[in-house]
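Reading the structure
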Amino acid sequence: MARKLAVIGAGLMGSGIAQVSAQAGWDVVLRDVTDEALRRGTDAIRASYDKFVAKGKLDAEAAEQALARITTTTELDAAADADVVVEAVFEKIEVKREIFRTLDGLVKDETILASNTSAIPITKIAAATERPERVVGTHFFSPVPMMQLCELVRGYKTSDETLAAAREFAEGVGKTCIVVNRDVAGFVTTRLISALVVEAAKLYESGVATAEDIDTACKLGFGHAMGPLATADLTGVDILLHATENIYTESQDEKFAPPEIMRRMVDAGDIGRKSGGGFYHY
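Residues numbered from 1 in each chain as written. Predicted model: local features only at pLDDT ≥ 70, side-chain atom pairs only at ≥ 80, totals over all residues. Heavy atoms only, no water.

Let me state the cut-off plainly: UniProt positions are given in the numbering used here, feature names are shortened, and annotations may be inferred rather than shown by experiment.
In the annotation of an unreviewed UniProt entry, the entry for the protein chain reads 3-hydroxybutyryl-CoA dehydrogenase, and the organism field reads Streptomyces bingchenggensis. We quote the UniProt Pathway (unreviewed entry) comment for the protein chain here in full: "Lipid metabolism; butanoate metabolism." Listed in UniProt under the heading Sequence similarities (unreviewed entry), the comment for the protein chain reads: "Belongs to the 3-hydroxyacyl-CoA dehydrogenase family."

In structure tokens, the structure reads:
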């Protein structure tokens, strides 16, 4: 019997998680607040499957079957019979806590409640429920169908069984997992990229080197596939500003204090590729 996954949020991350899970044989219900958001999400999934088919990485019949396993809804109640729920909504703790509070009253006792957050402590999200031991972080990477990593985050009360079930789910949809044993803000990956982006932005801001040269240094000197400032533009300068602020607020560690230039870029709407300009012009 196919297992059921509910994905809350049909944006870039949510639709990607739905896509790889359906391809791996899960029955997926994808939920968002508007039909328009759901349509954009399913269009993105269909386009991605088409690309894999065109490249010969997936056969057309398998793609059709995977698409058929995805249903969409605007109702959170649709998650009631899910075995695993992955929340992938905007990085605002109030929004996430409200969703988890509602899910807690809806889903089965044994259901795993997971969050795709990249910077908010899992313990804070889990505290909105009566089952913090069943709450875990499953931080996927964008674009989900291409990126191999999933960061599993143990909240203060997450049980070993929940962590094991989350690993089984993530590995089952083709990911390699790392485990974050202490629920620090930003986990492992967001802390590393935030520290690098903050320092790169400071070097750029103070005229030490151009954005291109800073990124070239990281690519050729450290073997990074993409430099930190190009990464900021791809992710969204606004998203990274939000993440670094979260980590700084939690840790009071100065290395995560975002430089003024990142705030001014966000004020001006220069937030990267999606706006046509950030550290680079597109």
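**A few points about the side chain of Thr-190**
The criterion, for reference: For the purposes of this entry, the term helix denotes a DSSP run of H or I that reaches at least four residues, the term strand denotes a run of E that reaches at least two, and both are numbered from the N terminus. For the exposure calls, accessible area comes from a 1.4 Å probe over protein chains only, and a residue counts as buried if that area is under 20% of its type's maximum, exposed if over 50%, partly exposed in between. Note on definitions: a residue-residue contact is assigned when non-hydrogen atoms from the two residues lie within 4.5 Å.
Position of Thr-190 relative to the elements: it lies in helix α7 (residues 189-205). The exposure class of Thr-190 is buried, given its relative accessible area of 6%. Ignoring any residue separated from it by four or fewer positions in sequence, one finds Thr-190 in contact with Ser-118, Ala-119, His-139, Ala-243 and Ile-247.

**Description of the nonpolar core**
Selection criterion: Among buried residues, the Ala, Val, Leu, Ile, Met, Phe, Trp, Tyr and Cys ones that are joined through side-chain atoms within 4.5 Å form a nonpolar core.
Counting residues in hydrophobic clusters, the biggest one holds 36 residues, and the most contacted among them are Leu-5, Val-28, Leu-30, Tyr-49, Phe-140 and Phe-169. It is helix α1 (residues 12-23) that contributes the most residues to this core, 5 residues altogether. Dropping the residues within four chain positions of it, Leu-30 is found in contact with Val-7, Gly-9, Ala-10, Gly-14, Ala-18, Leu-38, Ile-45, Ile-70, Thr-71, Thr-72 and Thr-73. Grouped together as the second largest cluster of nonpolar side chains are 20 residues, Ile-8, Val-107, Val-135 and Phe-187 included.

**Some words on the UniProt feature "domain: 3-hydroxyacyl-CoA dehydrogenase NAD binding" (unreviewed entry) in the protein chain**
The UniProt feature table records "domain: 3-hydroxyacyl-CoA dehydrogenase NAD binding" (unreviewed entry) at residues 4-183. Counted over residues 4-183, helix gives 41% and strand 22%. Its end C-alpha atoms are 27 Å apart.

**So, helix α11 (residues 260-268)**
The condition is simple: Note: the arc covers the axis-to-C-beta directions of the helix.
Those residues of α11 lying buried are Ile-261, Met-262 and Met-265. Projected down its long axis, α11 carries its buried residues within an arc of 100°, all on one side. The exposed set on the far side of α11, more than 90 degrees from its buried face, consists of Glu-260 and Asp-267. Contact partners of the buried residues in α11: α7 and α10 (237-251).

**Let's talk about the sheet that holds strand β4 (residues 84-87)**
To keep things clear, this is the line we draw: For two strands to be treated as a pair, DSSP must find no fewer than two bridges joining them. Comment: axis = line fitted to C-alpha atoms, over the contacting stretch for helices; angle = value between 0 and 180 degrees taken between N-to-C directions.
Strands sit in the order β3-β2-β1-β4-β5-β6-β7-β8 across an open sheet of 8 strands; the sheet is mixed. Looking at strand neighbours, the two that pair on one side only are β3 (70-73) and β8 (176-180), the edges of this open sheet. When the angles between neighbouring strand axes are averaged without regard to direction, this sheet yields 25°. Across 5 bridges, strand β6 (residues 135-140) lies against strand β7 (residues 149-154) in antiparallel orientation.

**Notes on the UniProt feature "site: Important for catalytic activity" (unreviewed entry) in the protein chain**
The test is simple: For the purposes of these results, a polar contact is taken to be a pair of N or O atoms within 3.5 Å, where, inside protein, one atom must be able to donate a hydrogen and its partner to accept one; residues adjacent in sequence count only when each atom of the pair is a side-chain atom.
When the UniProt feature table is mapped onto this chain numbering, "site: Important for catalytic activity" (unreviewed entry) sits at His-139. The residue His-139 is located in strand β6 in this model. Note on His-139: relative accessible area 7%, which makes it buried. If we skip the residues at most four places from it in the chain, His-139 touches Ser-115, Asn-116, Thr-117, Ser-118, Leu-149, Cys-150, Glu-151, Phe-187, Thr-189 and Thr-190. Side chain to side chain, His-139 and Glu-151 meet in a polar contact 2.7 Å long.

**A short note on the packing of helix α8 (residues 211-222) against helix α9 (residues 228-235)**
Rule in force here: We call two directions roughly parallel when the angle between them is under 35 degrees, roughly antiparallel when it is over 145, roughly perpendicular when it lies between 65 and 115, and oblique otherwise. Any residue outside Ala, Val, Leu, Ile, Met, Phe, Trp, Tyr, Cys, Pro, Asp, Glu, Lys and Arg is labelled polar, Gly included; the first ten of those are nonpolar and the last four are charged.
For the pair α8 and α9, interaxial distance at closest approach is 7 Å and the crossing angle is 105°. With respect to α9, the axis of α8 lies roughly perpendicular. Here Ala-211, Ile-214, Asp-215 and Cys-218 of α8 lie close against α9, whose contacting residues are Pro-228, Leu-229 and Ala-230. Within the contact of α8 with α9, the residues separate by chemical class into 6 nonpolar, no polar and 1 charged.

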